[in-house]
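Analysis of the macromolecular model
Letter by letter, the chains look like this.
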Amino acid sequence: MRFFYTCKQAHQMLSEGMDRQLSVAERAQLKLHLSMCRSCTNFSGQMRLLREAMKKMSKDGGNE
Ligand SMILES: [Zn+2]
């Protein structure tokens, strides 16, 4: 098992994390990568914003 994720793996885990619950090991490795990688931290923030926006849209959707 590789100890560090590459940025590509980190991105994949971030998007998989939207669809399924990540395992403890996956989350730990992802967190470790994010703590060292500015660009993936930004990507993670964008994913979260996007997800919140989508949630809001589906909740308020069809109101217009
Ligand atoms: Zn990265």
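Further up the page is the structure itself.
None of the values given here were measured: they were computed from a predicted structure.

The rules behind these values
Residues numbered from 1 in each chain as written. Predicted model: local features only at pLDDT ≥ 70, side-chain atom pairs only at ≥ 80, totals over all residues. Heavy atoms only, no water. Helix = DSSP H or I, 4+ residues; strand = E, 2+ residues; numbered from the N terminus. Buried < 20%, exposed > 50% of the residue type's maximum accessible area, 1.4 Å probe, protein only. Areas by Shrake-Rupley, 256 points an atom, 1.4 Å probe, with all protein chains shown as cover. Expected span 1.5 Å × (residues − 1). Contact = heavy atoms within 4.5 Å. Patch = residues over 30% accessible without salt bridge, like charges linked within 9 Å, V, L, I, M, F, W, Y side chains within 5 Å. Salt bridge = Lys/Arg side-chain N within 4 Å of Asp/Glu carboxyl O. Lys, Arg positive; Asp, Glu negative; His and termini not counted. Charge placed at Lys NZ, Arg CZ, Asp CG, Glu CD. Donors = N, O, S within 2.8 Å, 3.2 Å for Na, K, Ca; no water. Tetrahedral: all angles 85-135°; square planar, octahedral: opposite > 155°, others 65-115°.

**Let's talk about the overall build of the protein**
Counting its secondary structure elements, the protein contains three helices and zero strands. Listed N to C, the secondary structure of the protein is α-α-α in terms of helices and strands. Here the protein, with 64 residues, has 22% of them falling under the buried criterion. A total accessible area of about 5,300 Å² is found for the protein, and carbon and sulfur atoms account for 57% of it.

**Examining helix α3 (residues 38-60)**
A rise of 1.5 Å per residue sets the reference length of α3, with its 23 residues, at 33 Å; its end C-alpha atoms lie 33 Å apart and thus fit the reference within 8%. Taken residue by residue, α3 has Cys40, Ser44 and Met47 as its buried positions. Buried residues belonging to α3 abut α1 (7-19) and α2 (24-36).

**What about a positive patch on the surface?**
Together, Arg48, Arg51, Lys55, Lys56 and Lys59 make up a positively charged patch on the protein surface. Summarising the element assignment, arginine 48 is placed in helix α3.

**A look at the pattern of salt bridges**
Applying the stated rule across the entire model yields two salt bridges. Ionic pairing is found between glutamate 26 and arginine 20, a salt bridge with its closest N-O pair at 3.3 Å. Look at the salt bridges and you will find they share partners, linking Glu16, Arg20 and Glu26 into a network.

**Observations regarding the coordination of the zinc ion**
Only Cys7 (SG), His33 (NE2), Cys37 (SG) and Cys40 (SG) from the protein coordinate the zinc ion, and they sit 2.0 to 2.4 Å from it. Geometry at the zinc ion is tetrahedral, judged from the four donor atoms that bind it and their angles of 103 to 113° at the metal. All donors of the zinc ion belong to a single chain; written as a sequence motif, their spacing is C-x25-H-x3-C-x2-C. One exposure class covers both histidine 33 and cysteine 40, and it is buried.

Any link to function would need more than the numbers given here.
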